[in-house]
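Observations on chain architecture
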Amino acid sequence: MAIKNFEVIIVGAGITGAALAYELARYTDIKSIGILEKYEDIATLNSNGTSNSQTVHVGDIETNYTLDKAAVTKKTAKMVEKYCLQHNYQNKIMFSHQKMALGIGDKEVEFLLHRYEEFSELFPYLEVWDKEKLKELEPRVVFDENGNEREENIVAIGAKDQWTTVDFGKMAKCLIDDAKKEESSEVELFLNTQVTDIEKSSKRGYVVKTANGNSYYADFVVTNAGAHSLFLAHRMGFGLNLGCLPVSGSFYITNEKMLNGKVYMIQNPKLPFAALHGDPDVLADENTRFGPTALVLPKLERYKEGTYMDFWKTLRFDANIAKALWKLFKESDIRNYILRNFIFEVPFLNKYIFLKDARKIVPGLKLNEFKYARGFGGVRPQVLNKDEQKLLLGEASISTGEGLIFNMTPSPGATSCLGNGLRDLKYIVKYLGKNFDEQKFNDELTDGDTCPLPEPIRSQKAVVNLIRAEIARTSEKYNKNLHYNKPDKDFWDKPHSKIKDA
Ligand SMILES: Cc1cc2nc3c(=O)[nH]c(=O)nc-3n(C[C@H](O)[C@H](O)[C@H](O)COP(=O)(O)OP(=O)(O)OC[C@H]3O[C@@H](n4cnc5c(N)ncnc54)[C@H](O)[C@@H]3O)c2cc1C
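Given the structure is predicted, the values throughout are model-derived calculations rather than measurements.

Conventions used here
Residues numbered from 1 in each chain as written. Predicted model: local features only at pLDDT ≥ 70, side-chain atom pairs only at ≥ 80, totals over all residues. Heavy atoms only, no water. Pairing = 2+ DSSP bridges. Helix = DSSP H or I, 4+ residues; strand = E, 2+ residues; numbered from the N terminus. Contact = heavy atoms within 4.5 Å. Axes fitted to C-alpha atoms, helices over the stretch in contact; angles between N-to-C directions. Near = heavy atom within 4 Å. Polar contact = N/O pair within 3.5 Å; in protein donor to acceptor, adjacent residues only side chain to side chain. Areas by Shrake-Rupley, 256 points an atom, 1.4 Å probe, with all protein chains shown as cover. Nonpolar A, V, L, I, M, F, W, Y, C, P; charged D, E, K, R; others polar. Disulfide = S-S within 2.5 Å. Phe/Tyr/Trp six-rings, centres within 6.5 Å; stacked < 30°, edge-to-face > 60°. Buried < 20%, exposed > 50% of the residue type's maximum accessible area, 1.4 Å probe, protein only. Patch = residues over 30% accessible without salt bridge, like charges linked within 9 Å, V, L, I, M, F, W, Y side chains within 5 Å. Salt bridge = Lys/Arg side-chain N within 4 Å of Asp/Glu carboxyl O.

Focus: the sheet that holds strand β17 (residues 295–296)
Taken in spatial order, the four strands line up as β17-β12-β19-β20 in an open sheet, and their pairing is antiparallel. Only two strands of the sheet have a single partner each, and these edge strands are β17 and β20 (390–392). By the bridge criterion, eight bridges tie strand β12 (residues 242–249) to strand β19 (residues 378–385) in an arrangement that is antiparallel. In the strand pairing of β19, Cys244 is matched with Val383. Each of β12 and β19 touches helix α7 (residues 308–315); the most contacted strand, β12, lies at about 135° to it. The strands touched by helix α8 (residues 319–329) within the sheet are β12, β19 and β20, with β19 carrying the most contacts at an inclination of about 110°.

Regarding the site of the ligand
Contacts to the ligand come from 40 residues, most closely from Thr16, Glu37, Ser47, Thr409 and Thr415. Between an oxygen atom of the ligand and a main-chain N or O atom of Pro412, the distance comes to 3.4 Å. Out of a free accessible area of 1,000 Å², the ligand has 98% covered by protein chains. Looking at the shell around the ligand, the elements that each hand over two or more residues are α1 (15–27) and β19. Ranked by residues supplied to the shell around the ligand, first place goes to β19 with three residues. For the shell around the ligand, a count of residues per class yields 15 nonpolar, 22 polar and three charged.

A short note on the state of the cysteines
Under the counting rule described, the total for this entry stands at zero disulfides. Not engaged in a disulfide, the cysteine Cys417 finds its nearest cysteine sulfur in Cys84; these two sulfurs lie 8.8 Å apart.

Section: the packing of aromatic side chains
All told, the structure shown has 18 aromatic pairs when counted by the stated rule. Their ring planes at 85° and their centres at 5.4 Å tell us that Tyr252 and Tyr372 sit as a pair that is edge-to-face. Of this pair, Tyr252 sits in strand β13 (residues 252–254) while Tyr372 sits in strand β18 (residues 370–372), and the two are 120 residues apart along the sequence. Neither Tyr252 nor Tyr372 differs from the other in exposure class; each is buried.

Section: a nonpolar patch on the surface
Together, Trp326, Phe329, Ile338 and Leu339 line one region of the surface with nonpolar side chains, adding up to about 390 Å² of accessible area. Only α8 and α9 (332–343) provide two or more residues apiece to the nonpolar patch.

Observations regarding the pattern of salt bridges
Within this structure, the stated rule accounts for 31 salt bridges. In this structure, the salt-bridge partner of Glu7 is Lys434, at a minimum N-O distance of 2.8 Å. Of this pair, Glu7 sits in strand β1 (residues 2–11) while Lys434 is found in the loop between α11 (417–432) and α12 (438–445), placing the two residues 427 residues apart along the sequence. Since its relative accessible area comes to 13%, Glu7 is described here as buried.

Just distances and angles here, no functional claims.
Following this line, the structure appears as structure tokens:
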């Protein structure tokens, strides 16, 4: 049964689909937008507040981001902040906590200090906190269960008064509500409407077919259906050189509020997934949620029935996929990480193993202070590139050039929702011959260029130098080797050249 012709249909009402709908309705002259959602409500999968870490990933404390990536995430994160402030959603769906990246031991401390120097121009509000300051700001990262200070040197770079946390599930609902309020555009949401196929229409545009037997017509279709975007792309013959590896993430949660803000650890450069962090959960009385873990599960959706067959179809397993997986598994760091993450799901045993990891953040953490967060977590749809036999960590977007886009958005996809929407919007208006009010968009959702403030940076650099000098003094004092006699004189004169020769 033919229902209606939309100018744009969006498949999937997670945060990505919701953001695009809002942007199209508010900033373009597109008149009709249809959103087709498989489930009974908006954002029941990865965008739900319990599925992700609720973090606005700006790039300032994420040590797995390069400066280039941070410059992009900063811009898109700002859009989330500006949207929430514009609609007065602060302290309703967007919250402020202190946040920090924590370096433990001399190597990580030096890494963070160096990183501060590299990133402080982009993020002039960052501060450097030594152990004394951390005792005041985040005491549980300093003291063990007996109230003794941890022995290692620690330092953090962080910020106090930034918007750090968003309930992305609620934000998705707000985005769709606000899109519907735009009078110049008609936005319709169809729940319980699972798209099964997208076909080229014999007249113009596309026919979108659904499991309940209805067909919807559109000039342009954007699929923002998480891992199922690739599933639907494959059904149309696009992205066949890609497979999807669903990496689920689980969490552990404390019984009481333990950390005052977000505490991120330093990324192990050999691992493809973000290091463990602790975050106050705005949906669980600010109790600390540690995670996420990373485990490949043979299904595309967490906590929903089925999707096992969809997993196999979307993986498109062949020799190239096997080689891509083997490349990962043969790296000992990654292999150990995968096995360890498997144990994080094994009842009873998991808490003991997790305790060891989480104690890196909170040295005095006790077994009875936290539990496995049942029902929390989601799936990151990571993409495997068959041509290169490689796991891709970023987002994947397939634009066919014929009025179709398929997006897969692993972390930090929720933070990037309005940025990704802007990218697609620009192409959609061009393709459909419509107009984009870029001035209005920039005025409302962007903050212009970064404006480095030299004074706070200068004073923070002084703190960096003090911490470095302290480390050097301690090293001078205690870190001495003891050698009685030096029999091989040559070695002591030119130790490095001697080692090279050997
Ligand atoms: C453990 C974990 C932690 C994370 N932490 C963060 C974080 O702190 N900050 C951050 O920015 N990002 C984070 N992310 C990533 C973020 O959650 C996702 O990038 C984001 O939610 C993706 O949104 P989406 O709308 O693209 O996909 P989803 O939220 O998965 O929504 C897809 C929608 O499409 C619908 N759909 C699927 N198939 C069909 C179909 N056939 N027909 C119709 N509808 C369909 C689904 O029902 C769903 O509503 C995290 C992810 C995980 C898993």
